[in-house]
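Architecture and fold: a report
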Amino acid sequence: MSEPWRRLPALSLKQIQYFVTLAQLRSFTETANRLAISQPALSSALRQIESVLGGKLLHRTAQGVSLTEQGEAVLPYAERLLNTAHGVFDDMQQIMRQGGDGTLRIGLVPSVSTLLFPAVPQLLSEYFPDMRVEFHDLTNDALLLELENGSVDFGIGATDSTVPGSVAIYPLLEDPFVAVMRCDDALAEGHNIPWRQLAKRDIAMFSKGNVSRLVTSLIESHRLNLHVGYRVDFQETLYGLVRSRLAVAILPELYTATLTDNELTVIHLQQPTLSRTVAMMRKPAPLRSPKTEQCFQFLLQTFHNQIKQKTENRENYLKEIVK
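Only a predicted model underlies this, so the values are computations on that prediction, with no experimental measurement involved. (Residues numbered from 1 in each chain as written. Predicted model: local features only at pLDDT ≥ 70, side-chain atom pairs only at ≥ 80, totals over all residues. Heavy atoms only, no water.)

As for the overall build of the protein
Convention followed: The way it works is that DSSP assigns letters per residue, a run of H or I at least four long becomes a helix, a run of E at least two long becomes a strand, and they are numbered from the N terminus. The atom set for the radius of gyration is the C-alpha atoms, and the globule formula is 2.2 Å times the number of residues raised to the power 0.38. Exposure classes here rest on a 1.4 Å probe applied to the protein chains alone. A residue is buried below 20% of its type maximum, exposed above 50%, and partly exposed in between. In this description, contact between two residues means that some pair of their heavy atoms is separated by no more than 4.5 Å.
From N to C terminus, the protein includes ten helices and twelve strands. The C-alpha radius of gyration of the protein comes to 31 Å, more than 25% above the 20 Å expected for a compact globule of 323 residues. Dimensions of the protein, computed from the C-alpha atoms along their principal axes, are close to 100 × 40 × 35 Å. Every one of the 323 residues in the protein was classed for burial, and the buried ones make up 40%. Partitioning the intrachain contacts of the protein with sequence separation of at least 6 by distance along the chain shows that 73% fall at a separation of at least 24.

A short note on the environment of Ile169
Here Ile169 lies in strand 6 (residues 168–182). Here the alpha-carbon distance between Ile169 and Val65, two residues 104 residues apart in the chain, equals 65 Å. In this structure Ile169 touches Thr159, Val163, Ala279, Met280 and Met281, once residues within four positions along its chain are discounted.

Describing the packing of aromatic side chains
Definition in use: Only rings of Phe, Tyr and Trp enter the pairing, Trp through its six-membered ring, and a pair is recorded when the two centres are within 6.5 Å. The plane angle decides the type: under 30 degrees is stacked, over 60 is edge-to-face, the rest tilted. Only Lys NZ and Arg CZ are tested; either one counts as a charge over a ring when it is within 6 Å of the ring centre and within 35 degrees of the ring normal.
Evaluation of the coordinates by the stated rule reveals six aromatic pairs. Aromatic pair Phe206 and Tyr255: ring centres 5.1 Å apart, planes at 45°, arrangement tilted. Taken together, the positions of Phe206 in strand 8 (residues 202–206) and Tyr255 in the loop between strand 10 (248–252) and strand 11 (264–270) put the pair 49 residues apart, joining distant regions of the chain. An identical accessibility class is assigned to Phe206 and Tyr255; each is buried. Ring pairs connect the aromatic residues Tyr127, Phe128 and Phe298, which therefore count as one cluster. It is Arg60 that lies over the ring of Phe28; its NZ or CZ is 3.8 Å from the centre.

Comments concerning the packing of helix 1 (residues 13–25) against helix 3 (residues 39–53)
Condition: To obtain each axis, a line is fitted to C-alpha atoms, and for helices this fit is confined to the stretch in contact; angles are then taken between N-to-C directions over 0 to 180 degrees. Working rule for angles: under 35 degrees goes down as roughly parallel, over 145 as roughly antiparallel, 65 to 115 as roughly perpendicular, anything else as oblique. Asp, Glu, Lys and Arg are counted as charged, while Ala, Val, Leu, Ile, Met, Phe, Trp, Tyr, Cys and Pro are counted as nonpolar; the rest, among them Gly, fall into the polar class.
Look at helix 1 against helix 3: their axes get within 9 Å of each other, and the N-to-C directions meet at 105°. As far as their axial angle goes, helix 3 and helix 1 are roughly perpendicular. The residues of helix 3 that touch helix 1, namely those facing Gln15, Ile16, Tyr18, Phe19 and Leu22, are Leu42, Ala45, Leu46, Gln48 and Ile49. Residues of the contact of helix 1 with helix 3, tallied by class, amount to eight nonpolar, two polar and no charged.

Structural notes on the packing of helix 2 (residues 28–35) against helix 3
At a closest axis distance of 9 Å, the pairing of helix 2 and helix 3 adopts a crossing angle of 100°. Taken together, the axes of helix 2 and helix 3 lie roughly perpendicular to each other. Between helix 2, through Phe28, Thr29, Thr31 and Ala32, and helix 3, the contact on the second element is made entirely by Gln39, Leu42 and Ser43. Its residues assigned to classes, the contact of helix 2 with helix 3 shows three nonpolar, four polar and no charged.

Looking at unusual backbone geometry
For the bond running from Phe117 to Pro118, omega is 0°, close enough to zero to count as cis. Within the secondary structure layout, Pro118 lies in the loop between helix 5 (113–116) and helix 6 (119–127). Residue Pro272 is bonded to the preceding Gln271 through a cis peptide linkage, with omega at 5°. Relative to the assigned elements, Pro272 resides in the loop between strand 11 and strand 12 (275–282).

As for the pairing of strand 9 (residues 227–232)
Put simply, the rule reads: Pairing between two strands requires that DSSP report at least two bridges joining them. Orient the strands so they point away from the viewer, and a crossover whose first-strand-to-second-strand path over the helix runs clockwise is right-handed.
Here five bridges tie strand 8 to strand 9, and the two strands are oriented parallel to one another. Within the sheet, the bridge partner assigned to Asp202 lies in strand 9 and is His227. Of the crossover connections in this fold, the one passing from strand 8 over helix 8 (residues 210–221) to the parallel strand 9 is right-handed.

Examining the side chain of Asp185
Worth spelling out the cut-off: Under this definition, polar contacts are N or O atom pairs within 3.5 Å; protein pairs additionally need one hydrogen-donor-capable and one acceptor-capable atom, and for neighbouring residues in sequence, both atoms have to be side-chain atoms.
Here Asp185 lies in the loop between strand 6 and strand 7 (192–194). Within the structure, Asp185 has its side chain in polar contact with the backbone nitrogen of Leu187 (distance 2.8 Å). Looking at Asp185, its side chain comes within polar contact range of the side chain of Arg201, at 2.4 Å.

Some words on the side chain of Asp175
Considering the arrangement of structural elements, one finds Asp175 in strand 6. Only 3.0 Å separates the side chain of Asp175 from the backbone nitrogen of Leu254, close enough to count as a polar contact. Leave out the neighbours within four places in its chain, and Asp175 touches Pro252, Glu253, Leu254, Leu274, Ser275, Arg276 and Val278.

Here's what the structure looks like:
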């Protein structure tokens, strides 16, 4: 991409339009009438184009106007420039009418996708039918960068000390860390276990990012004697290591929302408890358009309602078990 400060040729779109119209009509008189300008002004514009481009574009004779070989070669480029300018100008007008370009760009970390799909796209389509929605699948660190440079309007990710002060945080829920192990594992008998019971086991976890930092910080601050034998990049690799009896995987619970493997089970980790805060994130300044702001507020309220309903359902379920 050219630098925005690069000096442009001293030509206007109107001058290009004069040349293209003249090339089509092949008459100074007809062209001047069509464009509602004087013939001297038309002639002056054509001379300036030729001066800037450095060559003769047309011959003017008693019979009319003909293009030089250079003029014939330049004409398609001039037409393309005009067509592009018209298209861009139409887009700019549409943006001004809509208060934005009609596209909503949402960044998200993969593990929070269960909060979004399938309900959220359907809701956005219902309440904002003219809004085109893009979902950008990103790591948490990449999401923060995209938010800062404006590549996404807002995002859903996890917070930690790396979130810059320029990003505003809207907490949604606490996502506790769990262990994924085989159902036939001796530690899989209960619903939860203390971290220290993993002391003699090989641990598998993500090699980098928010999740890795949180677990590593907990191990160091509580002086837990845990052996992280495997650091991988992908969730399925973690599950593969567990299936192969090579390790117990540690990750936030939301990652396991779509786990349907009958060989594996999810056990909550306690003493101490560790969770990550899942939040909507955005720049503090007003978003690109009023409609984008409306979408953000709509989704924020939708998530709060959704999470509140799930919490109530879970509490009611636990009450029924106690009975």
